[in-house]
Amino acid sequence: MKIRKIFYSYSTVLLLLTLSGYSQKAKVPSADKKYENYSYVDAIYTYEYVASKGYKDEKMFQKLGNAYYFTADLVKAEKWYTELFAMNLDQESEYYYRYSQTLKAVGNYTKADTMLEEFNKRSKNDQRGKLYAEQKNYLEDIKANSGRFEVVDAGINSEYSDYGSSFLKDNLVFASARDTGGVAKKVFKWNNKSFTNLYFSEINPDGEMGKVIRFDKSINSKFHESTPVFTRDEKTMYFTRNNYLDGKKQKSSNRIVLLKLYKATFEAGKWQNVIELPFNSNEYSVAHPALSLDEKILYFASDMPGTLGQSDLFSVTINSDGSYGSPKNLGKSINTEGRETFPFIAKDNELYFASDGHPGLGGLDIFVSKIEESNLLGEVQNVGSPINGPLDDFAFLINSKNRNGFFTSNREGGNGYDDIYRFTELRKLTCEQMLWGNITDKETGMQLSDAKVSLFDDEFKLVKESLSDETGRYNFEALCGKTYYVRADKMTYETTEAKVIIRNRTGKTELSLQLEKRIKEIGVGTDLAKTLNIPIIYFDLDKSAIRKDAAFELEKILSVMEANPKMKIDVRSHTDSRQTNKYNEKLSDRRAKATVEWLIKNGISSDRLTGKGYGESQLVNKCVDGVKCTEDEHQANRRSEFIIVTME
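A. Structural view of the pattern of salt bridges. What the rule picks out here adds up to 29 salt bridges. The salt bridge involving D32 is made with K63; its shortest N-O contact spans 3.3 Å. Residue D32 is located in helix α1 (residues 2-36), and its partner K63 is located in helix α3 (residues 58-70); the two are separated by 31 residues in the primary sequence. For the pair shown, D32 and K63 are each scored as buried. Among the ionic pairs, D393 bridges to R411, the shortest N-O distance being 2.8 Å. Of the two residues, D393 is situated in strand β22 (residues 393-399) and R411 in the loop between β23 (404-409) and β24 (419-425); the sequence distance between them amounts to 18 residues. The class of D393 is buried, set by a relative accessible area of 1%. One network of salt bridges, in which partners are shared, links R148, D348, R403, E425 and K428.

This is how it looks when you write it as structure tokens:
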């Protein structure tokens, strides 16, 4: 009876656990539906409740991590991505990238870099992986750019989200989700936060901020408004809003209200004539405008067709008649498969933007690129800490005269979801690099003076030329972060060329080149195969007939012997250790004799040639019978030697 009771008790517990498991699993589809409708906060609540009851599921952990990732809570996303990878390391490549970003958010840069290594292997041609591979010392480069700012709370933040600011006269205009006094607050399902309106605050001469006042009611609506930019005459503004105009809301084919860019003009003391820009669409978002210095180009972020990643930066020409050209993607030097967003053009013609695709400290980091002639963009640099940190930092703007500015961050210690910080730049970001190296003789190591050294850009356009000095040294001023090719030429030497990537930090980059003589001194005992860079004389498997590719190499020997009619050569053929000693000796001997016969057939007297096969008796490495070797190691033993025995 006692045994039966115990059995009954265990059965009951198992039944209850099973029913509980089914009960928790039954809740997952409702969370999935919320997730698919972008109601991430509501989905998180259900997923975490189910997980707290011990239910584990790979797809659920993916969505839990994603839901936190998409709502910029990277610390909590890290927890669930860790659970995901504990269950199964074989994830889609994008999860490796997201996990690396969240690991940075918790300060685990070593593991983050391990994830980036794996991401690069799996993603192959992803620009984010390539940038990491090219900039593995990115933390050192960021450190070199850091410490240039003093940062404080702007003093205008609420317990809600405050972000994305712009200068208008002596005012800061920004977006805020703060309570505007209504009884019923409309919220954005993505994060269950209030929709944002535009507000402004006067910037006092001492940098302190004045009272926060709601912006013009003709601009603010019941949906999101954010990120305005104003023309110099303060009569035109471009701004971001949900797809809502004249009281009409429009949705995409997936029934999502996306973002659009709008234009308004200041007339009779108020903002009016709100129109949407012609390159908007109901099917993709266009947001966060910025103006070029001459106000003839509008920059913005979008996921429109032609986007390389989740969102890219684009530019569009503003014509003199007020019409617009076709949007152009800023290209791979700026955009990645991640997010590039929140552009700003400083008065010294620098493009600042936020990205989670370029190597950074975690989440969105702020980067800068100089706008060169013809609107070409220079190398991208991370502005460093304390502007950038392990979470999201974005919406950077700076007054180029007094070097004061503002940016937005969701870093710890803030008042709300996002907060605006003000800063003073103590010194400008400068990067000066010197590319240098020594030109030497490859064989002797002797320094070579008067070698012509040419510097080419990454499209092989000539940038500069110089001659190596009496010590064989050359140097060029180089642009930080840029890829170059260096070519060295000198009479009687073979031309040599190499690629170099200049680091994004002040300093020197070395690239030394060794030149090989075109005309090489030879004598008794010289192996012409090495002197003439002749690779293996290939034969078909178990054959000794001279192939066409082998004949091409033998013509080099033929040419030298014709130029030196008294030269005598001993041809020595070798094999690797595979097969038996006897077999290899016979095969190599046949091949040596076939080589000699080819030279005789092509005009070399037989009394100038000897030949013998040595089989596997003279291996150049460890690869004897029974030792496991790579194919390359075996190949090193399969060689032909052409030893000069006399040059009378």
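B. Focus on the packing of helix α5 (residues 93-105) against helix α6 (residues 109-123). The geometry of α5 relative to α6 is characterised by a closest axis approach of 8 Å and an angle of 165 degrees between their N-to-C directions. One finds that α5 runs roughly antiparallel with respect to α6. Pair α5 / α6 crosses with left-handed handedness. Mapping the contact onto sequence places S93, E94, Y96, Y97, Y99, S100, L103 and K104 in α5 and Y109, K111, A112, M115, L116, E118, F119, R122 and S123 in α6. For the contact of α5 with α6, a count of residues per class yields nine nonpolar, three polar and five charged.

C. The environment of P390, seen in detail. If you trace the backbone, P390 turns up in the loop between β21 (381-382) and β22. Judged by relative accessible area, P390 falls into the partly exposed class, the value being 36%. Residues P390 and E412, spaced 22 residues apart in sequence, show a C-alpha to C-alpha distance of 9.8 Å. In contact with P390, not counting residues within four places along its chain, are L74, K104, A105, Y109, L361, G362 and G363.

D. Spatial organisation of the side chain of S100. On the secondary structure map, S100 appears in helix α5. S100 has contacts with A112, M115 and L116, leaving out every residue within four places of it along the chain.

E. Looking closely at the packing of aromatic side chains. Going through the model one piece at a time under the given rule, you end up with 34 aromatic pairs. Taking 6.5 Å as the distance between ring centres and 65 degrees as the angle between the ring planes, the aromatic pair formed by Y81 and Y99 counts as edge-to-face. One end of the pair, Y81, is in helix α4 (residues 74-87); the other, Y99, is in helix α5, with 18 residues separating them in the sequence. Comparing Y81 with Y99, the two get one shared label, buried. Positioned above the aromatic ring of Y95, the side-chain terminus of R98 is 5.3 Å from the ring centre. Lying across the ring of Y262, R241 places its NZ or CZ 5.3 Å from the centre.

Procedures and definitions
- Residues numbered from 1 in each chain as written.
- Predicted model: local features only at pLDDT ≥ 70, side-chain atom pairs only at ≥ 80, totals over all residues.
- Heavy atoms only, no water.
- Salt bridge = Lys/Arg side-chain N within 4 Å of Asp/Glu carboxyl O.
- Helix = DSSP H or I, 4+ residues; strand = E, 2+ residues; numbered from the N terminus.
- Buried < 20%, exposed > 50% of the residue type's maximum accessible area, 1.4 Å probe, protein only.
- Axes fitted to C-alpha atoms, helices over the stretch in contact; angles between N-to-C directions.
- Parallel < 35°, antiparallel > 145°, perpendicular 65-115°, else oblique.
- Left-handed = near helix turned anticlockwise from the far one by under 90°.
- Contact = heavy atoms within 4.5 Å.
- Nonpolar A, V, L, I, M, F, W, Y, C, P; charged D, E, K, R; others polar.
- Phe/Tyr/Trp six-rings, centres within 6.5 Å; stacked < 30°, edge-to-face > 60°.
- Lys NZ or Arg CZ within 6 Å of the ring centre and 35° of its normal.

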